[in-house]
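# Examining the three-dimensional arrangement
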Amino acid sequence: MPGLIRGVARTAVVAGTATAVSNRVSRRQAGRWAQQDDQQQPQAAAPAPAPTPPAPPGDDMSNKIDQLKQLGDLKAQGVLTEEEFAAEKRKILG
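So, how was this worked out
- Residues numbered from 1 in each chain as written.
- Predicted model: local features only at pLDDT ≥ 70, side-chain atom pairs only at ≥ 80, totals over all residues.
- Heavy atoms only, no water.
- Helix = DSSP H or I, 4+ residues; strand = E, 2+ residues; numbered from the N terminus.
- Buried < 20%, exposed > 50% of the residue type's maximum accessible area, 1.4 Å probe, protein only.
- Areas by Shrake-Rupley, 256 points an atom, 1.4 Å probe, with all protein chains shown as cover.
- Phe/Tyr/Trp six-rings, centres within 6.5 Å; stacked < 30°, edge-to-face > 60°.
- Lys NZ or Arg CZ within 6 Å of the ring centre and 35° of its normal.
- Axes fitted to C-alpha atoms, helices over the stretch in contact; angles between N-to-C directions.
- Parallel < 35°, antiparallel > 145°, perpendicular 65-115°, else oblique.
- Contact = heavy atoms within 4.5 Å.
- Nonpolar A, V, L, I, M, F, W, Y, C, P; charged D, E, K, R; others polar.
- Patch = residues over 30% accessible without salt bridge, like charges linked within 9 Å, V, L, I, M, F, W, Y side chains within 5 Å.
- Salt bridge = Lys/Arg side-chain N within 4 Å of Asp/Glu carboxyl O.
- Lys, Arg positive; Asp, Glu negative; His and termini not counted.
- Charge placed at Lys NZ, Arg CZ, Asp CG, Glu CD.

What follows covers the overall build of the protein chain. On a plain count of helices and strands, the protein chain comes out with three helices and zero strands. Put simply, the protein chain runs from its N terminus to its C terminus through helices and strands in the order α-α-α. In the protein chain, which comprises 94 residues, the proportion classed as buried is 7%. Roughly 7700 Å² of accessible area belongs to the protein chain as shown, and the carbon and sulfur atoms make up 59% of that amount.

This part is about the environment of Ala 86. Take Ala 86: it is sitting in helix α3 (residues 82–93). Classification of Ala 86 as partly exposed rests on a relative accessible area of 24%. Expressed as a C-alpha distance, the spacing of Ala 86 and Leu 71, which sit 15 residues apart in the sequence, is 9.5 Å.

For the structure shown, the criterion picks out zero aromatic pairs. The side chain of Lys 75 reaches across the aromatic face of Phe 85, ending 4.9 Å from its centre.

This paragraph deals with the packing of helix α2 (residues 60–77) against α3. At a minimum axis separation of 10 Å, α2 and α3 run at an interaxial angle of 175 degrees. Between α2 and α3, the angle is such that the two are roughly antiparallel. Contacts between α2 and α3 involve Lys 64, Gln 67, Leu 68, Leu 71, Gly 72 and Lys 75 from the former and Glu 82, Phe 85, Glu 88, Lys 89, Ile 92 and Leu 93 from the latter. Within the contact of α2 with α3, the residues separate by chemical class into five nonpolar, two polar and five charged.

Let us now look at a positive patch on the surface. Positive charge collects at one region of the surface, where Arg 24, Arg 27, Arg 28 and Arg 32 lie side by side. In this fold, Arg 24 is placed in helix α1 (residues 2–40).

The analysis is restricted to geometry; functional conclusions fall outside its scope.
Below, the structure written as structure tokens:
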């Protein structure tokens, strides 16, 4: 009898673990599909970013680096196109 109970308990643990893993994989895949759908939708509804103000005198290089990082983040998020990114980068770098 203890062998039978041990076998049933082991089966229950394996089945429970498999179900948990399967559910996790399903949720993660659904999240990826949702993310792909969001990326495929046109970004026309997003407003154009405001032009970057001229950098104040002083620590000019670090300001330019910060602005370029912000532009890179906007481009990575899909807010800026490659052309808009290049134009803003030219403005920052002079």
